[in-house]
Protein chains: 2
Amino acid sequence: MSKKCKYALKALIRLGKEYGGGNLLTDDIAISEHIPKKFLEQILLDLKHAGYVRSKQGSKGGYRLVQEPSQITLAEIHRLFDGAIALVPCVSQKFYEACDDCPDEKSCRLKKIFIDVREKTYALLSGVTIKTFLEGSPTLNIPAKKQKI
Amino acid sequence: MSKKCKYALKALIRLGKEYGGGNLLTDDIAISEHIPKKFLEQILLDLKHAGYVRSKQGSKGGYRLVQEPSQITLAEIHRLFDGAIALVPCVSQKFYEACDDCPDEKSCRLKKIFIDVREKTYALLSGVTIKTFLEGSPTLNIPAKKQKI
DNA sequence: TAACTTATCTACTAATTCTATAGAGTTAAT
DNA sequence: ATTAACTCTATAGAATTAGTAGATAAGTTA
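Residues numbered from 1 in each chain as written. Chains lettered and ligands numbered in written order. Predicted model: local features only at pLDDT ≥ 70, side-chain atom pairs only at ≥ 80, totals over all residues. Heavy atoms only, no water.

Draft legend 1. Fine view of the protein's contact with DNA strand D. Contacts to DNA strand D come from 27 residues, most closely from A:Lys38, A:Gln42, A:Gln57, B:Lys48 and B:Tyr63. Near-protein atoms of DNA strand D (within 4 Å) split between backbone and bases, with sugar and phosphate holding 66%. Contacts to DNA strand D include B:Tyr63, whose side-chain N or O atom sits 2.4 Å from a phosphate oxygen. Looking at the surface near DNA strand D, the elements that each hand over two or more residues are α1 (3–17) and α3 (37–49) of chain A together with α3 (37–49), β1 (53–56) and β2 (62–65) of chain B. Residue composition of the surface near DNA strand D, by class: six nonpolar, 13 polar and eight charged. (Near = heavy atom within 4 Å. Polar contact = N/O pair within 3.5 Å; in protein donor to acceptor, adjacent residues only side chain to side chain. Helix = DSSP H or I, 4+ residues; strand = E, 2+ residues; numbered from the N terminus. Nonpolar A, V, L, I, M, F, W, Y, C, P; charged D, E, K, R; others polar.)

Draft legend 2. Structural detail: the layout of surface pockets. Approximately 590 Å³ is the volume attributed to the largest pocket. Listed by contribution, the elements that provide at least two residues to the lining of the largest pocket are α4 (74–82) and α5 (111–126) of chain A together with α4 (74–82) and α5 (111–126) of chain B. Top element by residues in the lining of the largest pocket is α5(A). It accounts for four residues. By residue class, the composition of the lining of the largest pocket is 15 nonpolar, six polar and two charged. Its volume calculated, the second largest pocket comes out at about 310 Å³. Forming the walls of the second largest pocket are 21 residues, and the residues nearest its centre are A:Lys10, A:Glu33, B:Ser107, B:Cys108 and B:Arg109. (1 Å grid on protein atoms, 1.4 Å probe; cavity = no way out; pocket = protein on both sides within 12 Å on 5 of 7 lines; lining within 4 Å. Points joined across faces, edges and corners; volume = space filled by probe spheres on them.)

Draft legend 3. The arrangement of the pattern of salt bridges in detail. Applying the stated criterion across every chain, the model contains 22 salt bridges over all chains. With its nearest N and O atoms 3.5 Å apart, the salt bridge here joins A:Asp100 to B:Lys3. Of this pair, A:Asp100 sits in the loop between α4 and α5 while B:Lys3 sits in helix α1 (residues 3–17), on two different chains. On the basis of relative accessibility, which here comes to 63%, the residue A:Asp100 falls in the exposed class. The class for B:Lys3 is partly exposed, based on a relative accessible area of 47%. What you see here is one network of salt bridges that share partners, running through A:Lys6, A:Lys10 and B:Asp101. (Salt bridge = Lys/Arg side-chain N within 4 Å of Asp/Glu carboxyl O. Buried < 20%, exposed > 50% of the residue type's maximum accessible area, 1.4 Å probe, protein only.)

Draft legend 4. Seen up close, α4(B). Turning to α4(B), its buried residues are B:Leu74, B:Ala75, B:Ile77, B:His78, B:Arg79 and B:Phe81. Against α5 of chain A together with α1, α3 and α5 of chain B lie the buried residues of α4(B). Trailing α4(B) by a residue or two, B:Gly83 shows a phi angle of about 85 degrees, which is positive. (Contact = heavy atoms within 4.5 Å.)

Draft legend 5. Local environment of the pairing of strand β1 (residues 53–56) of chain A. Residues and elements named next belong to chain A. Pairing of β1 with strand β2 (residues 62–65) involves four bridges; the strand directions are antiparallel. Directly across from Arg54, in β2, lies its bridge partner Arg64. Remark: five residues form the turn of the hairpin made by β1 and β2, two consecutive strands paired antiparallel; Gly58 in that turn has positive phi of roughly 75 degrees. (Pairing = 2+ DSSP bridges.)

As structure tokens, then:
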């Protein structure tokens, strides 16, 4: 995950704390989350254009979250800042691209498996929301075997 | 996933077809898998150094797989070529790095969740092996809810 | 209205990573 | 010896990442 995406996540979590309340300044978020301010400005703009936050200019301005924290998923944020969830572009839903090393996509032996991996990854990342981070209790919807990594 | 990692996977699958049999030339793999030969050379060397394949030089030389296809997981190959499985370096097992935007790692609200995501991702990627690709039947060990992506 | 505050937008840059390519060297078979 | 094939290191162009800079627009307050 890119730093940009991680910063976006931290900003959303910070804004999520104030959900339903007042605005937060870029500066406040930059300082409390240790994010370079000018970089954060771009990120907040991206989040605004994607509809997650709204802003107000001038004195007493700032940003506020306008979507329910429980509805903002890690999958969406990842797509917005880091692109495809799929491991290979030829099985991506939102960022499809043909592989130049694959003469016949229909008979590709990788594709079926990678679609399966994509679906499971999506399910995993969709189970994590801004609310998850705010509560600290993962409500991930996929049970995994307990194992040593 | 980088092209290098994808090429490595395809090479392993191709070698997996001959598992227990004879050698394959770099050229054979390059042609059948549509991988730039000189790039593939590097990849096969990496796979050799990691212990997945062995090689023989000179005439009648080539590469052969020396680990069971069922024991070579997507998780391992990903780590070898693309690095960490974790989304953020501060929760990575094999590629740990501290975050410079995190003053106190112990109280980081992202960490617990990202460890959970890492573990589930690892389980997912560990369920896919070279054998999986050879058989075309995913034996992924994590059931996911069927859902529209 | 003027001054001040804060978001908006575009452009730019340095560093790193990715995707190869090049070429010399090494080992083995015939 | 000659040929075939792997081995290793270096290099280079393109793309991406992680910011920085600066001008502009919009809103508040005195």
